[in-house]
Structures are given as C-alpha cells and as structure tokens.
Amino acid sequence: DQQVKQNSPSLSVQEGRISILNCDYTNSMFDYFLWYKKYPAEGPTFLISISSIKDKNEDGRFTVFLNKSAKHLSLHIVPSQPGDSAVYFCAARRGNRDDKIIFGKGTRLHILP
Amino acid sequence: NAGVTQTPKFRVLKTGQSMTLLCAQDMNHEYMYWYRQDPGMGLRLIHYSVGEGTTAKGEVPDGYNVSRLKKQNFLLGLESAAPSQTSVYFCASSYAGGQRIYGYTFGSGTRLTVV
C-alpha cells in the first residue's frame, strides 16, 4: 500500500513559468513532509520541508503548501529555471523517535527553454 | 566536506556471488539507512540503524544483511546476488529526533548490476 503518492511521473514547464508538483498521502500520522531533488548519478538532496501544523513554508523560489484535510501537498517553483530539471521526491515521516522517511515514486521535471 | 561516502560506485556481479557495500558518514549522525532505487518504484528502504550495534528491517529486506559495528559505518551485504537485486543503492544518514526537519543526507549511490 503506497502511503505517499506522486501520480505524475513527469512534468514539462517553460522556463520562467511556475512549476507545480503534487503529492498525496494516506497516513494521517505523518507529522513532517519533505521534498527532495535528485540529479542523475547523484544522491537525493533535501530541498524543503513543512510541519503538519503549518499550511505553507517558503524558501526562496520554493514554496510547499499542505492541505491536511485533503491529505495533499504541493511544491511550487517560481520562476522555473533550467537547473530545476531533476527528479523530485515527495516524502513523509511519522512522529515517533525511530520514524523513517517514506518516499513517493518521484516526478521528473523538465524545464523547457 | 565528505558527508556520506559510498563505495564502490559501480559493480557488476554474477548471480550467486556475494559482496558488501560500504557507507561511511563523518557527521556524527545517529541514524543510517540503506535504500534502493528502481525505475518507477521510487526509493525503498532496505534496512536501517538507529545507533551503533543496532539494525532493523525496512520495506524490502529480503536477500540483504547489514551491520553497524561503528557509528560512522553502515555495511550492506548481499550473500548470494540475484538479478532482481540489480538496482541503484543509496545510503543515507540523519540526526535523531529534533533534526528531522532537515531529513537525510544521502550518498551518491552505488550502481549494482547482477548478471
């Protein structure tokens, strides 16, 4: 049973426009949500996170929105740049000490010139 | 600034051979993890460790063993490799508890092919 779902395997966006990556989850016990970015032949790198008690977190061009009632979060990238082309993983973790991060399958973002 | 280092970066094994993947971190992290990444499957947790001398099973532990004899090292072993274990393996580490908002620090991966 997939607890973190990224239903779009890929997304293409024009340079300078907004990129919106979506993620749904099923476990209401998740207390933190994270986004990771991964370039080919590299490990994933942490991008931004949000606590379940918030509905928005912003860091430069990246904003994550959380809708707990819908069990949905999204990552907005504004404006999109060529270097943003990568695979983005949505992830979530539960609230106990020995919790683990559960990852979605990823969305490949292509920024078009 | 090493962070998390994985060795080797690439390896080709024959079915039935054994090997050990090494992960080393220099950030004094308590927790360490082994993931595998397969096309269309995302990152799946194999085993993890919450401290020196401890290990636990993740989502896909079958066919793998791990050891954490030193805090900075986490070893992943394949006793008898199978083609289904062809994958890219990522090691990660993290602080415990309150540092969770920063998530994990990942290594650059080991690409393993079993023929």
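Cut-offs applied
Residues numbered from 1 in each chain as written. Chains lettered and ligands numbered in written order. Predicted model: local features only at pLDDT ≥ 70, side-chain atom pairs only at ≥ 80, totals over all residues. Heavy atoms only, no water. Contact = heavy atoms within 4.5 Å. Buried area = accessible area lost by both parts, 1.4 Å probe. Salt bridge = Lys/Arg side-chain N within 4 Å of Asp/Glu carboxyl O. Polar contact = N/O pair within 3.5 Å; in protein donor to acceptor, adjacent residues only side chain to side chain. Helix = DSSP H or I, 4+ residues; strand = E, 2+ residues; numbered from the N terminus. Buried < 20%, exposed > 50% of the residue type's maximum accessible area, 1.4 Å probe, protein only. Pairing = 2+ DSSP bridges. Patch = residues over 30% accessible without salt bridge, like charges linked within 9 Å, V, L, I, M, F, W, Y side chains within 5 Å. Areas by Shrake-Rupley, 256 points an atom, 1.4 Å probe, with all protein chains shown as cover. Phe/Tyr/Trp six-rings, centres within 6.5 Å; stacked < 30°, edge-to-face > 60°. Disulfide = S-S within 2.5 Å. Core = buried A, V, L, I, M, F, W, Y, C linked by side-chain atoms within 4.5 Å.

Visitor: Could you give an account of the interface of chain B and chain A, naming the residues involved and the relevant values?
Guide: Size of an interface, as often reported, equals the accessible area lost when the parts are brought together. Taken together, the contact between chain B and chain A spans 22 residues of the former and 24 residues of the latter. For the pair chain B and chain A, the summed buried area comes to about 1900 Å², and 58% of that belongs to carbon and sulfur atoms. On the surface where chain B and chain A come into contact, there are 0 salt bridges. At the boundary of chain B and chain A, one finds 3 residue pairs in polar contact (both at pLDDT 80 or more). Taken together, the elements giving at least two residues each to the side of chain B that touches chain A come down to strand E4 (31-38) and strand E5 (42-49) of chain B.

Visitor: Got a sec to walk through the pairing of strand E3 (residues 19-25) of chain B? Specific residues and values, please.
Guide: Residues and elements named next belong to chain B. Residues Met19, Leu21, Cys23 and Gln25 of E3 are buried on one face, while the alternating residues Thr20, Leu22 and Ala24, pointing to the opposite face, are not. Taken together, the 4 bridges between strand E1 (residues 4-7) and E3 define a ladder with antiparallel strand orientation. Counterpart to Thr5 in the pairing with E3 is Ala24. Summarising the sheet, E3 and strand E8 (residues 73-78) pair through 6 bridges and their orientation is antiparallel. Bridged to Met19 within E8 is Leu78.

Visitor: So what about the pairing of E4(B)? Which residues, and what values?
Guide: Residues and elements named next belong to chain B. For E4, a buried count of 8 out of 8 residues is recorded, marking the element as mostly surrounded by other parts of the structure. Side chains of E4 alternate between two faces, with Tyr31, Tyr33, Tyr35 and Gln37 and Met32, Trp34, Arg36 and Asp38 buried alike. Judged from the 7 bridges that link them, E4 and strand E9 (residues 87-94) form a sheet pairing that is antiparallel. Each bridged residue has a counterpart across the sheet, and for Gln37 the counterpart in E9 is Val88. Sheet analysis places E4 next to E5, joined by 7 bridges and oriented antiparallel. By the bridge assignment for E5, Arg36 is matched with Arg44.

Visitor: Mind laying out a nonpolar patch on the surface, listing which residues take part and the relevant values?
Guide: All names here are of chain A. The grouping of Ile18, Ile20 and Val78 at the surface amounts to a nonpolar patch, some 220 Å² of accessible area in total. You can see Ile18 is positioned in the loop between strand E2 (10-14) and strand E3 (19-25). Taking relative accessible area as the criterion, Ile18 reaches 40% and is therefore assigned partly exposed.

Visitor: If you had to explain the packing of aromatic side chains to someone new, which residues and values would you point to?
Guide: Taken as a whole and assessed by the stated rule, the structure comprises 18 aromatic pairs over all chains. Ring plane angle 45° and centroid distance 4.6 Å describe the contact between A:Tyr25 and A:Phe33, whose orientation is recorded as tilted. For the pair A:Tyr25 and A:Phe33, a shared accessibility class is recorded, and that class is buried. Three or more aromatic residues joined by ring pairs form one cluster here, namely A:Tyr36, A:Phe46, A:Phe89, A:Phe103, B:Tyr31, B:Tyr33, B:Tyr35, B:Tyr48, B:Phe90, B:Tyr104 and B:Phe106.

Visitor: Pulling in residues and values, what's your account of the side chain of B:His47?
Guide: Residues and elements named next belong to chain B. Along the polypeptide, His47 turns up in strand E5. One polar contact links the side chain of His47 to the main-chain carbonyl oxygen of Tyr64, over a distance of 3.3 Å. Among all residues touching His47, those that are not within four sequence positions of it are Tyr33, Trp34, Ala56, Lys57, Gly58, Pro61, Tyr64, Asn65, Val66 and Phe74.

Visitor: Quick one: what's the story with the state of the cysteines, residue by residue and with numbers?
Guide: Residues and elements named next belong to chain B. In this structure the tally under the stated criterion is 2 disulfides over all chains. In this model Cys23 forms its disulfide with Cys91; the gap between the sulfur atoms is 1.9 Å. Here Cys23 and Cys91 share a disulfide; its torsion about the S-S bond, -75°, makes the bridge left-handed. Here Cys23 is found in strand E3, whereas its partner Cys91 is found in strand E9, with 68 residues between them in sequence. Since its relative accessible area comes to 0%, Cys23 is described here as buried.

Visitor: Got a sec to walk through the nonpolar core? Specific residues and values, please.
Guide: Looking at soluble globular proteins, one finds that nonpolar side chains tend to be buried together. Residues and elements named next belong to chain A. Within the largest apolar cluster, 23 residues are counted, with the highest numbers of intra-cluster contacts made by Phe33, Trp35, Leu73, Leu75 and Tyr88. If you list the elements that add at least two residues to this core, you get E3, strand E4 (30-38), strand E5 (45-51), strand E7 (62-67), strand E8 (72-77), strand E9 (86-94) and strand E11 (107-112). Per-element accounting of this core gives the leading share, 4 residues, to E9. Apart from the residues lying within four places of it in its own chain, the contact partners of Phe33 are Tyr25, Ile48, Ser49, Ile50, Ser52, Leu66, Leu73, Ala91 and Ala92.

Keep in mind that these numbers describe shape and distance, not what the molecule does.
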